Amino acid sequence: MAERKEERYEESDLYRIRHSAAHVMAQAVLELFPEGKYTIGPPIEDGFYYDFELPRSLTPDDLEVIEKRMHEIIVGNHLFEKRVLSADEARRIFKDQPYKLELIQGLEQGSFDEYGQPLAEKPEISVYAHDKFIDLCRGPHVENTSQINPAAVKLLSVAGAYWRGDENRQMLQRIYGTAWHSAQELEEYLWRLEEAKKRDHRKLGRELDLFSISEDVGPGLILWHPKGAMVRVLVEEFSLKAHLDNGYEWVFSPHIGRAHLWETSGHLDFYQESMYSPMDIEGEAYYAKPMNCPFHIQIYKSRTRSYRDLPKRYAEYGTVYRYERSGVLHGLTRVRGFTQDDAHIFCRPDQVEEEISRALEFSLYVLRSVGLRDFKAYLSTRPEKYVGDPADWEIATEALRRAIEAHNLPYVVDEGGGAFYGPKIDLKVHDALAREWQLSTIQFDFNMSERFELEFIGEDGLPHQPYMVHRALLGSMERFFGVLIEHFAGAFPVWLSPVQVVIIPIADRHYAYAREVAGKLKGEGLRVEVDERNERMNAKIRDAQMQKIPYMLVVGDKEVEQGTVALRLRSGENPGAMPLEEFLERAQGDIAARE
RNA sequence: GCCGACGUAGCUCAAUCGGCAGAGCAACCGCCUUGUAAGUGGUAGGUUAUGGGUUCGAUUCCCAUCGUCGGCUCCA
């Protein structure tokens, strides 16, 4: 059901309601600003928007006024009427609306739809009218404004947006709104938004003392606090071992490299706007690395490779620095310095299919092991600007597609979305606020092998060019951690919890026993703290709950006497007193199962 | 980078029209010795992001810079 949602959405009542609400909103806005220009206003997931060019910036007060007027229009019982017309007729209607004229031209030429996307067939030109408002539109709409429930419509925010998404064009004002069948559905949606905010990784990161970003250090640069770092170390340990078990060889490489290296790799030609200014070392320019590939390539090139040596799989937690424009930075998920769980695979052409399949398999294994289940694959194909032979692109793209299908992954094809150097598979997951983040990526590279003149000696004794595949599974440790925090709402599975057990002595006289228990558990490899603060047990439990510590062990007179511990779980569940060995067994079971 | 909003104690937030900058939590010092989500008294904590301007007087008004948030564009 879920994977078919998008196909059906455009056929749904909700889609019509939202699309129609967008028209009603445009009417209300243009009544308020008769000289305003209107552009497009589609339904989106959970709502709709409309983009306008207006004489002044909108305020929250304006939204209230617009919303109120929308309600009036809706209860006016106006019909939505469609009319198909010629381009010239349409131009007459929208003669004062430059954006509409541009849209009409696109439709007339049959090349672009209203969002500027290329169209396969030449579309008809139609308008929808209701009340005193007419809009260029292909529908669909409700039949009558009365089918919109005014109590289930709400305007949410106003934001800037470029005309046709092009930053070189006019900045418009976009109003976001939402519409549902019933007021109750609207309430539920707004509640969902509130709940999602509670698990925002930026909020939890501070509350759980996981990480911070210091203004003095700089935006987009992450400070991992002890608890966050512990989670990272555990994930890294797990993944490192998994790599070694799966035929990867671990390497390390420096953070900077000479300009010449980046000239050879092509980064200074194609990627310089994402790189930081070079530093001068003895008159020579060095750049902080935005990617790890040139370094792994140098390791490959450090000696002559035989066809027998391949595939070579070099893996590293490689820290890279990329210039990201200030407006795009976002907590842990979009930063300027980050560490990729990066690897480069060098292989013979006859091995590439197998390598892709293995890489995808391995990626799914690692993601699932850390608790992520819900992701979507994107297959990105050849863009307009590309290097290499189109026939190779075809072979590589099909190899990627077969790998996705062999693993029964739902996927969408992103036509032309590949990098200039090769096609790729991306795996994306959603954060708490339904924003989609890319984690895994498996990318072909037709460029580097050529540029660095990589070769291996074949069976025939002659040099051949190897294929090269880049891949990152968790993507970056920073982004992955951000997604992980939201995925678990900070309540990490026991094996990843920075503190697994907190021991809560009821009174001072229980400290010695508490320490003894802690010592035993630490001896078994558990991460344990004793809460010796001069606080009541209730307060200690409350704090442990809020820190989302999996196990609380309360020890008082009874436990000391009987040599037991009273277990409480962060779920609120209270299994009660049990021998320490019983608890230990239970905890170790949960850890081994990765819960 | 662009459009808009915002920036007060470690955190969450007050401060009427431009008139002595405050509270809760956290921290620290005590008292209480505690049984499953906040015991209690006290102490300390501020160049109101930074720099300039207007004013007798600026947290408040204006300008610039830095940063944060929501989007756009771009991406791991």
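Before reading further, recall that the structure is shown in the block above.
Heads up: these notes are all about the structure in this document. Per chain, the residues get numbers from 1 upward, laid out in the order the sequence is written. Chain letters start at A and ligand numbers start at 1, both assigned in the order the entries are written. In view of the model being predicted, local features appear only for residues whose pLDDT reaches at least 70, and side-chain atom pairs are presented and counted only at 80 or more, with totals across whole chains, interfaces and linings using the full set of residues.

**Some words on the overall build of chain A**
- Scanning chain A for helices and strands turns up 19 helices and 28 strands.
- Principal axes of the C-alpha set define a box for chain A whose edges measure 85 × 75 × 50 Å.
- Exposure classification rests on a simple neighbour count of other C-beta atoms within 10 Å of a residue's own: a residue reaching 20 or more is buried, one at 12 or fewer is exposed, and one in between is partly exposed. C-beta atoms are placed from the backbone. Buried residues in chain A amount to 37% of all 595 residues.
- Here the contacts in chain A between residues at least 6 apart in sequence split such that 69% fall between residues at least 24 apart. A run of H or I in DSSP becomes a helix once it reaches four residues, and a run of E becomes a strand once it reaches two; helices and strands are each numbered from the N terminus. What counts as a contact here is a pair of residues whose C-beta atoms, placed from the backbone, lie within 7 Å.

**Observations regarding the sheet that holds strand β4 (residues 81-85)**
- With antiparallel pairing, the 3 strands of this open sheet are ordered in space as β4-β5-β6. Sheet topology places β4 and β6 (133-136) at the edges, where each strand pairs with a single neighbour. Going from strand to strand, the sheet's axes swing by 25° on average, the running direction of each strand aside.
- Only strands that DSSP links by at least two bridges are regarded as paired with each other. Pairing between β4 and strand β5 (residues 125-130): 5 bridges, direction antiparallel. In the sheet register, R83 faces β5, and the bridge partner there is V127. An axis is simply a line fitted to the C-alpha atoms; with a helix, the fit covers only the stretch in contact. Between two such axes, the angle follows the N-to-C directions and lies from 0 to 180 degrees.

**Focus: the protein's contact with RNA strand B**
- Near, for a residue, is defined by distance from a backbone-placed C-beta atom to a molecule or strand, with 6 Å as the limit that must not be exceeded. Within the structure, RNA strand B sits among 57 residues, and G160, S326, G327, G475 and G556 are positioned closest to it.
- Mapped onto the surface near RNA strand B, the elements with two or more residues apiece are β7 (153-162), β8 (171-179), β20 (436-445), β23 (467-476), α15 (477-487), α17 (537-546), α18 (557-562) and β27 (564-569).
- Residue contributions to the surface near RNA strand B peak at 7 residues, all from α17.
- In this classification, the charged set is Asp, Glu, Lys and Arg, the nonpolar set is Ala, Val, Leu, Ile, Met, Phe, Trp, Tyr, Cys and Pro, and all remaining amino acids, among them Gly, are polar. Here the residues of the surface near RNA strand B are counted per class, giving 20 nonpolar, 19 polar and 18 charged.

**Some thoughts on the sheet that holds strand β25 (residues 528-530)**
- Here 5 strands make up an open sheet; going across it, the order is β25-β24-β26-β27-β28 and the pairing mixed. In this open sheet, the two strands that pair with only one neighbour each are β25 and β28 (576-579). Across the sheet, the axes of successive neighbouring strands diverge by a mean angle of 30°, strand direction being ignored.
- Strand direction decides the pairing type here: strand β24 (residues 501-505) and β25, joined by 3 bridges, are parallel. From the neighbouring strand, V502 faces β25, where its bridge partner is E529.
- Most of the contacts of helix α19 (residues 580-592) go to β28, to which it runs at about 95°, and overall it touches β26 (551-555), β27 and β28.

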